[in-house]
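# Architecture at a glance
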Amino acid sequence: MVLPFFTHCTKANVSDDAGLLEMLRENISYFRSKPMNIPKITILLDQGYHPEHLTQELEKVYPQIMRQIKFERSTKPSTQEKAAQGKSGFVPAVARWVIERSNAWMGRCKILVKNFERTLSNATTKLNLCFVRLMLKRLAAS
């Protein structure tokens, strides 16, 4: 079961890199209190992110953070790989389906079907409520 560590909403004009940096900076205390001897947290990135830039900016805030997290780009199948599989056009990347499933779960929350929030804090709260609901349903089933 995969659930988010943190949630963060931004305005539409904020880049992927800037949004991720905002979220990690807001939650830097988590990483400062996390023991160094446990496995790294893998953060899946698509092609819109720049891991080198993210690493430089995060190390300015907390120099040891890269001992606790690692960035992993989702693979994008090449044209030759698609042809070898007998596929063409859009072919989903396996690792990215973790994110897509999360988006599908959020889509089941009627409160998030249309997002006309006036503030980012309201949008973030609704997102968090959606994941609380999902966790409670899973706990009740076990």
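These lines cover the structure that appears in this document, whether it is placed above or below. These numbers were taken from a predicted model, which means no experiment stands behind them.

Quick notes on the rules
Residues numbered from 1 in each chain as written. Predicted model: local features only at pLDDT ≥ 70, side-chain atom pairs only at ≥ 80, totals over all residues. Heavy atoms only, no water. Phe/Tyr/Trp six-rings, centres within 6.5 Å; stacked < 30°, edge-to-face > 60°. Helix = DSSP H or I, 4+ residues; strand = E, 2+ residues; numbered from the N terminus. Buried < 20%, exposed > 50% of the residue type's maximum accessible area, 1.4 Å probe, protein only. Contact = heavy atoms within 4.5 Å. Salt bridge = Lys/Arg side-chain N within 4 Å of Asp/Glu carboxyl O.

## Describing the packing of aromatic side chains
Where two aromatic rings form a pair, the distance of their centres and the angle of their planes describe that pair. Counting across every chain of the model gives five aromatic pairs. Each residue in the set Phe-5, Phe-6, Tyr-30 and Phe-31 is aromatic and connected to the rest through ring pairs, giving one cluster.

## Quick notes on the environment of Arg-32
Its location among the elements puts Arg-32 in helix H2 (residues 28–33). Overall, Arg-32 belongs to the partly exposed group, its relative accessible area being 46%. Residues Arg-32 and Gln-68, spaced 36 residues apart in sequence, show a C-alpha to C-alpha distance of 9.4 Å. Ignoring sequence-local partners within four residues, the contact set of Arg-32 consists of Val-61 and Tyr-62.

## Quick word on the pattern of salt bridges
If you walk through the whole model with that rule in mind, you get two salt bridges. Between Arg-25 and Glu-57 there is a salt bridge, with its nearest N and O atoms 3.5 Å apart. Taken together, the positions of Arg-25 in helix H1 (residues 16–26) and Glu-57 in helix H3 (residues 51–61) put the pair 32 residues apart, joining distant regions of the chain. In this structure Arg-25 comes out as partly exposed when scored by relative accessible area, which is 37%. The class for Glu-57 is buried, based on a relative accessible area of 18%. Between Glu-57 and Lys-60 there is a salt bridge, with its nearest N and O atoms 3.1 Å apart. Residue Glu-57 and its partner Lys-60 are located together in helix H3, separated by three residues, close to a single helical turn.

## Let's talk about the side chain of Gln-68
Structurally, Gln-68 is set in the loop between H3 and strand S2 (69–73). Given a relative accessible area of 1%, Gln-68 falls into the buried group.

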